[in-house]
Amino acid sequence: MTIDNSDNSTPNTNTSTDFIRAIINEDNLAGKHAGRVQTRFPPEPNGYLHIGHAKSICLNFGIARDYDGLCNLRFDDTNPSKEDVEYVDSIMEDIRWLGFNWGDRLFYASDYFQQIYDWAVQLIKAGKAYVCELTADQVRETRGTLTAPGTNSPYRDRPIAENLDLFERMKNGEFPDGSKTLRAKIDMASPNLNMRDPVMYRILRATHHRTGDTWCIYPTYDFTHGQCDSIERITHSICTLEFENHRPLYDWYIRELGIFAPRQIEFARLNLTFTVMSKRFLLQLVKDGFVSGWDDPRMPTLCGVRRRGYTPEALRDFCATIGVSKVDSTVDIALLEHCLRNDLNKRANRVMGVLRPLKVIIDNYPEGEVEQMEAINNPEDASAGTRLVPFSRELYIEQDDFREAPPKKYHRLAPGQEVRLRYAYLVRCTNVVKNPTTGEVVEVHCTYDPATRGGNTPDGRKVKGTIHWVSAAEALPVEVRLYDRLFTKANPYDVPEGVDFKTNLNPNSLERLTNCFVEPSLRGAAPGSRCQFERLGYFCVDPDSTADRLVFNRTVSLVDSWAKIEKKG
RNA sequence: UACCCGGUGGUGUAAUGGUAACACAAGGGAUUUUGGUUCCCUCGUUCAAGGUUCGAAUCCUUGCCGGGUAGCCA
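Residues numbered from 1 in each chain as written. Chains lettered and ligands numbered in written order. Predicted model: local features only at pLDDT ≥ 70, side-chain atom pairs only at ≥ 80, totals over all residues. Heavy atoms only, no water.

Caption draft 1: Focus on the packing of aromatic side chains. Evaluation of the coordinates by the stated rule reveals 27 aromatic pairs. An aromatic cluster of at least three residues, connected via ring pairs, comprises Phe113, Tyr117, Phe167, Tyr201, Trp215, Tyr218, Phe223, Trp252 and Tyr253. Note that arginine 280 overlies the ring of phenylalanine 281, its terminal NZ or CZ placed 4.6 Å from the centroid. Residue placement shows arginine 306 over the ring face of tryptophan 97; its charged tip is 5.4 Å from the ring centre. (Phe/Tyr/Trp six-rings, centres within 6.5 Å; stacked < 30°, edge-to-face > 60°. Lys NZ or Arg CZ within 6 Å of the ring centre and 35° of its normal.)

Below you can see the structure in the form of structure tokens.
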């Protein structure tokens, strides 16, 4: 076993202070909360976490860590029609995998349903809320538009006692779904549409994944989130930009209720080139069968990139590198890949593997002889040691590493040309055997120089090309899956009016290679193990592997400077 | 064109009234038993116009451009 799967964390040295930390510093300087800092990560359990969530997780938990504070995990489960324990479980697993810990501070908005109900009653008693019997359509019609004020609901000035009675009967299930709502009495002419008598409670008969059928009325996000933050004594409630217009409402509820006031701060969500980062669209890819599931290695979900072989360290480094701001921006996926290579380069052991095999026969090497060649496991880490790789007369090399008619500057194997077989011998191509009908080269014949064992050149001669190989008899047959971007456009949403974003899906995003070979040291490698196939990229053992057949996912390719040279000619 | 938010190299992020910088990308070179890694170099930036100031990316005004908001979703 030569591969390294350790979890040696690379501490993030980014010391820049983002605008959120600037606000917290200000608050601390002003003596707010006596310097206490508490944040929370509040996912709705209606889908799987993705790289965008990683940004939020790193932010919230990172701030708590930096300020000796705490970060809670809270499920924002106020809409039972979309939520499920399947998502709750996956979310917890993914956060842990990313390397964060919420300790004993696991909460659910549904934990607070009774308290939130009591607060609604309090607002009714204060004349700040009323039961409205307008239908959803009528509410929309009377809300006004972006430029025109709304009109008051005819139920707006109902007596308090009647509101109290009706609201209790809503809770008791006396009215059908959607027939009544509880609304805050604010201002139907407010330029901020969120302040035009927003709905606080709706009647919704759905079995909640935690509270079952205890409730048939559920509070909306707006009438829930701030109060949950308040209950948990969150000092800084960090959310994404689309909630900016909700902040006045967030503050209004807190103020009217007279409870602990957290501060909501908004930041820009993450966009990545060639990537769709929306639960709704990701769900479509899963449901329509474009991918094998939420954990398909092409998905930007945390379980997907985990299966692909991404490391939590690389993801954290990425999140630290992209920073935090309020600017709508799209990060180049190349930066994420850089972070990955940067991490993997230090920790992934090198092994030799051949994706598209080409038979090589060393004519002057004794038949039946096997030599064990010593190979370095990781040139970036001497403590990784060495291993032995069997060498023999018949080998496989990469098809790419042989050209019958080599282009300029091609340093690998070609008729008459000499290359180094890594850790083995220098060989020179003498002739080739072709398939008589297709003309394709099926076998390359070489002679080796016995004086160059280990790849050394005692006479000091220079060989520009060093290629990898496996011994045909000893090599392990494996399957390898290569992945390309899921979308062909940097912005997958960039489609003409009325056209589905899925037209931008890349039909070649998955390539299965079933005829691959790796060196025998990989026998028995565990799913999740990572390694670098020299010159081919970083790979990770897929859970689809069986006891006698390994399946590898290519995590990310290596930087390929030869491709650029060849392209230029 | 109601309100809110934003605008710094190709991309992302710093500089918070005092020399515009870091990373990625791109281009070039050195080293290399991975065309990897590492190292060096190059490229290129404050949306615009006014104003305040000894001094403005930063503060003010106006304009321009981009995003968000009319769920009983979050």
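Caption draft 2: Summary view of unusual backbone geometry. Notably, arginine 233 is not glycine yet its phi reads approximately 60°, a positive angle. Within the fold, arginine 233 resides in the loop between α7 (225–231) and β8 (236–240). The exposure class of arginine 233 is partly exposed, given its relative accessible area of 43%. The backbone of phenylalanine 274 shows a phi angle near 60°, a positive value even though the residue is not glycine. (Helix = DSSP H or I, 4+ residues; strand = E, 2+ residues; numbered from the N terminus. Buried < 20%, exposed > 50% of the residue type's maximum accessible area, 1.4 Å probe, protein only.)

Caption draft 3: Quick peek at helix α13 (residues 561–568). Where α13 begins, one side-chain oxygen reaches toward the backbone nitrogen of tryptophan 562, 3.2 Å away; that side chain belongs to aspartate 560. Where α13 terminates, the next one or two residues include glycine 569, which has phi positive at roughly 90°. (Polar contact = N/O pair within 3.5 Å; in protein donor to acceptor, adjacent residues only side chain to side chain.)

Caption draft 4: Region of interest: the protein's contact with RNA strand B. Lining the immediate environment of RNA strand B, one finds 66 residues, of which Ser325, Arg350, Gly454, Gln532 and Arg535 sit closest. Between arginine 143 and RNA strand B, the recorded distance is 2.9 Å, taken from a side-chain N or O atom to a phosphate oxygen. Taking arginine 412, its side chain carries an N or O atom lying 2.7 Å from a base nitrogen of RNA strand B. Contributions of two or more residues to the surface near RNA strand B are made by α5 (136–142), β6 (199–203), α12 (333–347) and α13. In terms of residue count, α13 provides more of the surface near RNA strand B than any other element does, 5 residues in total. Of the residues in the surface near RNA strand B, the class split is 21 nonpolar, 24 polar and 21 charged. (Near = heavy atom within 4 Å. Nonpolar A, V, L, I, M, F, W, Y, C, P; charged D, E, K, R; others polar.)

Caption draft 5: Quick peek at the nonpolar core. Ranked by internal contacts, the top residues of the largest apolar core, which has 39 residues, are Ile95 and Phe318. Going through the elements one at a time, α2 (51–66), β2 (70–75), α3 (85–98), α10 (302–308), α11 (312–322) and α12 are the ones with two or more residues in this core. Contacts of phenylalanine 318, omitting those with residues within four sequence positions, involve Ile51, Leu270, Leu272, Val331, Leu335, Leu336 and Cys339. Counting residues in hydrophobic clusters, the runner-up holds 37 residues, among them Ala120, Phe167, Met195 and Leu249. (Core = buried A, V, L, I, M, F, W, Y, C linked by side-chain atoms within 4.5 Å. Contact = heavy atoms within 4.5 Å.)

Caption draft 6: How the structure looks around the environment of aspartate 295. Position of aspartate 295 among the secondary structure elements: in the loop between α9 (279–287) and α10. Between the C-alpha atoms of aspartate 295 and arginine 308, which are 13 residues apart in sequence, the distance is 8.7 Å. If we skip the residues at most four places from it in the chain, aspartate 295 touches Thr301, Cys303, Gly304 and Arg307. A polar side-chain atom of aspartate 295 sits 3.3 Å from a polar atom in the side chain of arginine 307.

Caption draft 7: Local environment of the pattern of salt bridges. In this structure the tally under the stated criterion is 52 salt bridges. The partner of arginine 156 in a salt bridge is aspartate 197, with the nearest N and O atoms 2.7 Å apart. Residue arginine 156 is found in the loop between α5 and α6 (160–171), and its partner aspartate 197 is found in the loop between β5 (181–184) and β6; the two are separated by 41 residues along the sequence. One exposure class covers both arginine 156 and aspartate 197, and it is buried. Aspartate 544 is the salt-bridge partner of arginine 481, the closest N and O atoms lying 2.9 Å from each other. Within this pair, whereas arginine 481 is found in strand β21 (residues 476–483), its partner aspartate 544 is found in the loop between β24 (537–541) and β25 (551–556), the two being separated by 63 residues in sequence. Its relative accessible area of 8% is what places arginine 481 among the buried residues. (Salt bridge = Lys/Arg side-chain N within 4 Å of Asp/Glu carboxyl O.)

Caption draft 8: Geometry of the pairing of strand β13 (residues 371–376). Only one face of β13 is covered, namely the one carrying Glu371, Met373 and Ala375; the face carrying Gln372, Glu374 and Ile376 has none of its residues buried. Two strands pair when backbone bridges link them, and β13 and strand β14 (residues 386–391) are joined in this way by 6 bridges, in the antiparallel orientation. Residue pairing across strands places glutamine 372 opposite proline 390, the latter belonging to β14. (Pairing = 2+ DSSP bridges.)

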